[in-house]
Amino acid sequence: MEVCWNGGVILGLRALAALVQVAVVLAFATCGGAPPAAKTSTGTLLPLGDGKISSAPRTGYVWSCQTTFNGQGAQGSAPWVSGSGWNPALKPRVQGDVSWSRAHYSVSIAGDQRLLKTVDLPVGDGTGVFPISPDDPAYAYDRNPNRIEAQETTLNLPATPAPTQSSCLGLGPVGILTDGVFLFDALDALGRDAVPHEVLDRCDGHPAPGGVYHHHDVPSCLLAKATGRSTLVGYAFDGFGIYVERDAAGRLLTNSDLDACHGRTSPVEWDGKTVTVYHYDATAEYPYVIGCYRGAPVSTGALAPDSGARPGG
């Protein structure tokens, strides 16, 4: 594991990143990206996805292969969570801006296969400092003891995926985003909405046991760069693309625009051409990216799920 830590500028960059993240999230809520639960004096209260786990495809839910959740998530109360909503303006971030010299991500096509290579370290962006330090204010809410470790990964996906009978999402990663980082589904180890409950870093990531760094949604660092009408930001493990789509006013799609697996068929840029094809879409509302597989997923081996083994969880 190789780490280059520009310690002298961490606090300034972290503060800037936090401001950008809050601005992005609040913009989604106020510009139609997701219906807010309520307005507060400190920002917009976004809907909470707790309890939205299904046993079949259902819009706005995660169809999870796991039916019981015995892990340990972030401990203690979360003052930014209130009733059926949560306030991103009040949620802390894990401190730090750690750069990774080994980070790389590539995509190529050979015959009917799409070849993805990554080490699961973010390309172009930094991470927070993990394990979370007792000196970090985030430690009061989440004592994630896991380190970030490189995960040398080569994945063969179908280059032209076809819809099949929908299927549930298993433990661990469900896709890879274009920053080279694994995407997990929207659930934490306790079966809750992971995005508000887990305390994440400046680019909305954290490590699972085994050092598997991952996101639970399309992170703010990628969203900020996806300004066009449709931007490819990753691939699900069934081969379908993951997109950020916006309308003419720059607003994200909402769950009401999507099917039960959190996708739709529409014209997007795919392998250098504009084609009408099925794909998943990022939203600001739970389940954020993928609710179930619309195609047949490939095997991902023994990558660790987000079991969240944390003291005091």
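Residues numbered from 1 in each chain as written. Predicted model: local features only at pLDDT ≥ 70, side-chain atom pairs only at ≥ 80, totals over all residues. Heavy atoms only, no water.

### As for the environment of V199
By secondary structure assignment, the location of V199 is in the loop between α2 (194–197) and β14 (206–208). Residue V199 is classed as buried on the basis of its relative accessible area of 1%. Separated by 60 residues in the primary sequence, V199 and Y139 place their C-alpha atoms 8.8 Å from one another. For V199, the contacting residues outside a window of four places in its chain are W80, K91, P92, R93, V94, A138, Y141 and D142. (Helix = DSSP H or I, 4+ residues; strand = E, 2+ residues; numbered from the N terminus. Buried < 20%, exposed > 50% of the residue type's maximum accessible area, 1.4 Å probe, protein only. Contact = heavy atoms within 4.5 Å.)

### Details of the state of the cysteines
In total, this model carries three disulfides according to the counting rule given. The side chain of C65 participates in a disulfide bridge whose partner is C168; the two sulfur atoms lie 2.0 Å from each other. Its torsion about the S-S bond being 95°, the disulfide of C65 and C168 is classed as right-handed. Within this pair, whereas C65 is found in the loop between β5 (62–63) and β6 (81–82), its partner C168 is found in the loop between β11 (153–158) and β12 (173–177), the two being separated by 103 residues in sequence. Note on cysteine connectivity: C203 is disulfide-linked to C221, with sulfurs 1.9 Å apart. The S-S bond linking C203 to C221 shows a torsion near -80°; that makes this disulfide left-handed. Linking C203 in the loop between α2 and β14 with C221 in helix α3 (residues 220–223), this pair joins segments that are 18 residues apart in sequence. Comparing C203 with C221 shows no difference in burial state: the two are buried. (Disulfide = S-S within 2.5 Å.)

### Topic: the nonpolar core
Within the largest apolar cluster, 61 residues are counted, with the highest numbers of intra-cluster contacts made by V218, I242, V244, Y280 and I290. Those residues in contact with I242 that lie beyond four places of it in its chain are L177, L183, V218, T231, L232, V233, G234, Y235, A236, Y280, V289 and I290. (Core = buried A, V, L, I, M, F, W, Y, C linked by side-chain atoms within 4.5 Å.)

### Observations concerning the packing of aromatic side chains
Applying the stated criterion to the full structure yields six aromatic pairs. Both rings, one in W80 and one in Y141, keep their centres 5.0 Å apart while their planes meet at 80°; by these two values the pair is edge-to-face. A residue pair is termed long-range when its members are at least 10 positions apart, and W80 in the loop between β5 and β6 and Y141 in the loop between β10 (113–118) and β11 qualify at 61 residues. Residue class for W80 comes out buried when judged on its relative accessible area of 2%. Overall, the relative accessible area of 24% leaves Y141 in the partly exposed class. Among the aromatic side chains, those forming a connected cluster through ring pairs are F240, Y278 and Y280. Here the basic side chain of R114 rests over the ring of W270, its NZ or CZ set 4.5 Å away from the ring centre. (Phe/Tyr/Trp six-rings, centres within 6.5 Å; stacked < 30°, edge-to-face > 60°. Lys NZ or Arg CZ within 6 Å of the ring centre and 35° of its normal.)

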